Amino acid sequence: MLVRILVLALATSVVAADQSPIPRQPGEAVEFTPRYPLWSDGMDKRRWLHLPAGTAIDKSDADAWEFPRGTRAWKEFRRDGKPVETRFIERLADGSWRYLTYAWNASGTAATLAPEEGIPERGIPSRADCLACHEGAPVPILGYSAVQLSLALPPVLGYLHGNCGHCHNDAALPALELSLAQQASDPEASAARTYATLIGRASRFRPHGAANPQRVVPGQPAQSVLVTRMKSNDPLTRMPPLGVSLVDAGGVALISRWIEHDLQQAQKEAP
Amino acid sequence: MTLSRRTTLFLIITVAILSSALAHAEDKVARGKYLVTTSGCHDCHTPWVMGPKGPHPDMTRALSGHPADFPLPPAPKPSGPWIVSASATNTAWSGPWGVSFTANLTSDAETGLGKWTLKNFKDTIRTGRHMGRGREILPPMPIPMYKNFSDADLEAIFAYLRTIPPVKNRVPEPLAPSSSVAAN
């Protein structure tokens, strides 16, 4: 009951009189755009961050910014010019993070809190799904970090960081030995680790009929499991495993071009 | 002399703490074994073979999942109210979700849980997703029931699974419902 009251109170505070969960007052929240955005079925997205008055982010660890208690972040998803979903993260007084999702009505004029289990038929994630991605990274706010705001990366590394690195990093999934996250504190080392754990490495996931599949086979995107999983429409094969239902054709093209041309060229030029 | 007494006392306490920790670890593994053997894990994760008294789990391959060397033709199409088929090993299941193959739970580093962390294991059971983050765990794995295990019980189960001798067996990936290919 208490939780219900808290959720209602929060919903009331977030959903303003015009039924918009997005803060409207200038200065209340800053809008930002990550350099390496997550593919979300081609939807347009806008993001805002709010810090309590008088507080600041502790950036002493470039790869794990410490957000103050009371930090709030919103991400709004729009399709055909209308909002369809707004996701919300808040850092609570005890340091934990709360995740909520609001579903907009068909006309895009009002939003209501989605239930704990999400709304699968609309692609709206459950609370557990929120944790699956956001709690795999050092900090749950994924788009507001030193890498995402200011680090110039090769496009392939940026794409992999923004779309895969929050789960595929050595802290979240050490058993896989696949690190696709980049680090602002030592970009060269994290890039080298990404290449080393991708190129020519045996794939744990074995497509049926593949004898010795590898994550990335230089020159051969069709033989590279990375591409196979990005291109798949099968939920049991597709990567990322949640939050998407449509293949990111641009992302597939980027990664395929890198494997087919850049890596093959690098191999030819290697001594 | 005083120092000697102190040293003796220190040694006694150290031994007592170590003994207690060891006993606790043994208790945890024993609890894990109890849970694994009473919660039906062997029913699906240990391949079954036919014996004189009927099918039984082959404990020489305990908890090693669907055998990769047991090729299967495409599963029969569901007919009427009969919507689920199981292989003779009880390790491959076909239903509306596609075809699922039970996982290798032994401590093998490459094909089992050898490199998994306790958190990976707990996240898997709690969320019903592979390692808590990947694809969904498919039926008939009873995630809706097992997700209610206490933390202590999941820790005990994982501690026991770490003691299972490694069996190298690379279980095939699940097949989508629309797939008609054979399992291997």
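Residues numbered from 1 in each chain as written. Chains lettered and ligands numbered in written order. Predicted model: local features only at pLDDT ≥ 70, side-chain atom pairs only at ≥ 80, totals over all residues.

Caption draft 1: Here's a closer look at the confidence of the model for chain B. Per-residue confidence for chain B gives a mean pLDDT of 91; residues scoring 70 or more make up 94%. In the model output, the complex is listed with pTM 0.87 alongside ipTM 0.83. (pLDDT = per-residue confidence, 0-100.)

Caption draft 2: Inspection of the confidence of the model for chain A at higher detail. Model confidence for chain A is summarised by a mean pLDDT of 89, while 90% of its residues fall at 70 or above. Low confidence marks residues 1–19 of chain A, where pLDDT is under 50. Its contacts with residues over four positions away, or in another chain, come to 10 contacts. (Contact = placed C-beta atoms within 7 Å.)

Caption draft 3: Focus on the environment of V227(A). With respect to the secondary-structure elements, V227(A) resides in helix α6 (residues 225–231). V227(A) sits 166 residues away from D61(A) along the chain, and the two C-alpha atoms are 33 Å apart. (Helix = DSSP H or I, 4+ residues; strand = E, 2+ residues; numbered from the N terminus.)

Caption draft 4: Structural view of the nonpolar core. Core analysis: the largest hydrophobic core is formed by 27 residues, its most contacted members being V156(A), L160(A), L226(A), I255(A) and I259(A). Elements supplying a minimum of two residues to this core: α2 (127–134), α4 (155–163), α6 and α7 (249–269) of chain A. I259(A) has contacts with V216(A), P218(A), G219(A), Q220(A), P221(A), S224(A) and V227(A), leaving out every residue within four places of it along the chain. One finds W93(B), F121(B), Y160(B) and V171(B) within the second-largest nonpolar core, a separate group that totals 24 residues. (Core = buried A, V, L, I, M, F, W, Y, C linked by C-beta atoms within 7 Å. Buried ≥ 20, exposed ≤ 12 C-beta atoms within 10 Å, placed from the backbone.)

Caption draft 5: Just the pairing of strand β2 (residues 44–50) of chain A, in detail. In the sheet, strand β1 (residues 30–32) of chain A pairs with β2(A) via three bridges, with the strands oriented antiparallel. Paired with F32(A) across the two strands is R47(A), which belongs to β2(A). (Pairing = 2+ DSSP bridges.)

Caption draft 6: Spatial organisation of helix α5 (residues 187–198) of chain A. Residues and elements named next belong to chain A. Here α5 contains 12 residues, and its C-alpha end-to-end distance of 17 Å stays within 8% of the 16 Å for a straight helix at 1.5 Å per residue. Buried residues belonging to α5 abut α4 and α6. Two residues or fewer past α5, G200 is found with a positive phi of approximately 75°. (Expected span 1.5 Å × (residues − 1).)

Caption draft 7: Focus on the sheet that holds strand β5 (residues 97–104) of chain A. All names here are of chain A. Across the sheet, six strands lie side by side as β1-β2-β3-β4-β5-β6; this open sheet has antiparallel pairing. Taken across any chain shown, the strands that pair with only one partner, and hence form the sheet edges, are β1 and β6 (111–113). Adjacent strand axes in the sheet meet at a mean angle of 25° when their direction is disregarded. (Axes fitted to C-alpha atoms, helices over the stretch in contact; angles between N-to-C directions.)

Caption draft 8: Expanded view of the environment of P76(B). Within the secondary structure layout, P76(B) lies in the loop between β2 (54–57) and β3 (85–86). Through-space distance from the C-alpha of P76(B) to that of A86(B) is 9.9 Å; in sequence the pair is 10 residues apart.

Caption draft 9: Representation of the sheet that holds β3(B) in the model. All names here are of chain B. Spatial strand order, β3-β4-β5: three strands in an open sheet with antiparallel pairing. Each edge of the sheet is formed by a strand with only one pairing partner; in this case those strands are β3 and β5 (98–101). Where strand β4 (residues 92–95) and β5 come together, four bridges link them in antiparallel fashion. In the sheet register, S94 faces β5, and the bridge partner there is V99.

Caption draft 10: Quick peek at unusual backbone geometry. A cis geometry characterises the amide bond from M239(A) onward to P240(A), with omega recorded as -5°. Secondary-structure assignment places P240(A) in the loop between α6 and α7. Here the bond from P139(B) into P140(B) is cis, since omega is 5°, no more than 30 degrees from zero. By secondary structure assignment, the location of P140(B) is in the loop between α3 (118–127) and α4 (143–146). The phi dihedral of D41(A) falls on the positive side, at around 55°, and the residue is not glycine. Relative to the helices and strands, D41(A) resides in the loop between β1 and β2. Residue D41(A) is classed as partly exposed on the basis of its C-beta count, with 13 C-beta atoms lying within 10 Å. In this structure, E177(A) is a non-glycine residue whose phi angle is positive, near 50°. Tracing the backbone through its elements, the reader meets E177(A) in the loop between α4 and α5.

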